[in-house]
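The chain contents come next:
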Amino acid sequence: VSNFLEAILIANRDSLSIKSFDSVVSELYKNKNELFCRIMTRWFIKGDRTLCNAVREVVQYRYRPEKKMQMEAISEELPSKKMVHIVFLARKAIGFLFNAPATAISIVISLFAFVEEEETKKELTKLIFDPLMINYPGYINEYIDNNYNGLIDEAQSACDTAKAEFDQYIENLKSTGKIPELHPPQTHKDTYRRHFTKEMTDAMNEAEKESVLLSLVSKSVLLYGRTSISYVYDPNDKPHRNEMQLHKHGTEIEFPRVQNIDPFGLDYMLRVFRSEKFK
């Protein structure tokens with residue numbers, strides 16, 4: 001099945017996406033610990049952009065930051081345990097799954113089980129620190145804290161090193177004092193917030209167009225208040241007042257720190273990770 005899927009995606013790379021096979025995506029998502037981890041390892045090692053994008057699309061299937069999907073590399077799908085293949089896979093995972101940091105870090109951490117060279121451990125540790133921990137300290141530290149006891153010694157040591165380097169990085173930032181270029185005026189902040197709000201609103205509207213639920217129910221906007229009031233009519237057309245108390249609902253999303261400092265450098269690095277191939 002995976003060979004057929006791979007062949008059809010490559011043959012129709014300009015006109016077909018794995019999202020067209022909704023039932024297949026759903027099965028891969030449900031069987032991520034077996035089939036999908038194997039496919040992810042194989043396709044990232046191949047380095048074909050179409051296949052790597054397909055992995056990202058499956059990860060993003062019903063993705064929510066709080067869900068923090070975790071995966072691991074499968075050793076049988078690696079051409080070798082040498083540094084070139086281990087680091088290549090780690091960079092591909094970061095490049096294509098950068099917006100799902102908990103998933104990316106879980107793949108990188110899983111590679112320590114196959115490492116045979118000390119230099120490879122150092123390179124993986126560097127990747128944990130930069131770009132993952134520098135950009136997503138909250139998500140990455142939470143992953144490490146929740147899984148630390150279950151990690152092998154090499155992975156624990158790498159996490160400890162990355163944490164120490166991040167603490168030093170923050171101290172170095174503080175020691176520079178106030179840099180005016182990193183503190184834009186309030187008018188610039190307000191302009192960016194309006195721009196970002198518009199982008200989020202447009203994205204939400206596009207997502208709502210595909211919502212099955214919203215196509216079945218009516219939508220209303222409450223400007224203020226703590227209670228929603230509606231009327232239900234009985235068979236005799238007599239209205240009955242129905243009150244529903246409103247409750248708070250929220251979620252947290254961590255944005256890449258470097259995006260505000262060096263967006264072009266971050267974008268270039270991720271593009272390099274995605275574009276790399278074996279000769």
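Residues numbered from 1 in each chain as written. Predicted model: local features only at pLDDT ≥ 70, side-chain atom pairs only at ≥ 80, totals over all residues. Heavy atoms only, no water.

Time to look at the packing of helix H3 (residues 32–46) against helix H4 (residues 49–59). It is the contact of H3 with H4, at a shortest axis distance of 8 Å, that shows an interaxial angle of 145 degrees. At the point where H3 passes H4, the crossing takes the left-handed sense. Each of Phe36, Met40, Trp43, Phe44 and Lys46 in H3 lies in contact with H4, whose residues at this interface are Leu51, Cys52, Ala54, Val55, Val58 and Val59. Across the contact of H3 with H4, the residue classes break down as ten nonpolar, no polar and one charged. (Axes fitted to C-alpha atoms, helices over the stretch in contact; angles between N-to-C directions. Helix = DSSP H or I, 4+ residues; strand = E, 2+ residues; numbered from the N terminus. Left-handed = near helix turned anticlockwise from the far one by under 90°. Contact = heavy atoms within 4.5 Å. Nonpolar A, V, L, I, M, F, W, Y, C, P; charged D, E, K, R; others polar.)

Between its first and last C-alpha, helix H7 (residues 118–135) extends 26 Å over 18 residues, near the 26 Å set by a 1.5 Å rise per residue. When the local axis directions of H7 are compared, the greatest deviation, roughly 30 degrees, occurs at Phe129, which is followed within four positions by the proline Pro131. Of all the positions in H7, only Thr120, Leu124, Thr125, Leu127, Ile128, Phe129, Pro131, Leu132, Met133, Ile134 and Asn135 are classed as buried. Where the residues of H7 are buried, they touch helix H5 (83–96), helix H6 (101–110), helix H8 (137–147), helix H9 (153–175), helix H11 (258–261) and helix H12 (263–275). (Expected span 1.5 Å × (residues − 1). Bend = angle between axes of the 7 residues up to and from the residue. Buried < 20%, exposed > 50% of the residue type's maximum accessible area, 1.4 Å probe, protein only.)

This part covers the packing of H5 against H12. The geometry of H5 relative to H12 is characterised by a closest axis approach of 8 Å and an angle of 125 degrees between their N-to-C directions. In terms of orientation, H5 lies oblique with respect to H12. As H5 packs across H12, the resulting crossing turns out to be left-handed. Along the contact surface, H5 presents Arg91, Lys92, Ile94, Gly95 and Phe96, while H12 presents Leu270, Val272, Phe273, Arg274 and Ser275. (Parallel < 35°, antiparallel > 145°, perpendicular 65-115°, else oblique.)

By the secondary structure assignment, Ser106 is in helix H6. In this structure the side chain of Ser106 is engaged in a polar contact, spanning 2.9 Å, whose partner is the backbone nitrogen of Met71. Non-local contacts of Ser106, meaning those with residues more than four positions away in its chain, are made with Met69, Gln70, Met71 and Tyr143. (Polar contact = N/O pair within 3.5 Å; in protein donor to acceptor, adjacent residues only side chain to side chain.)

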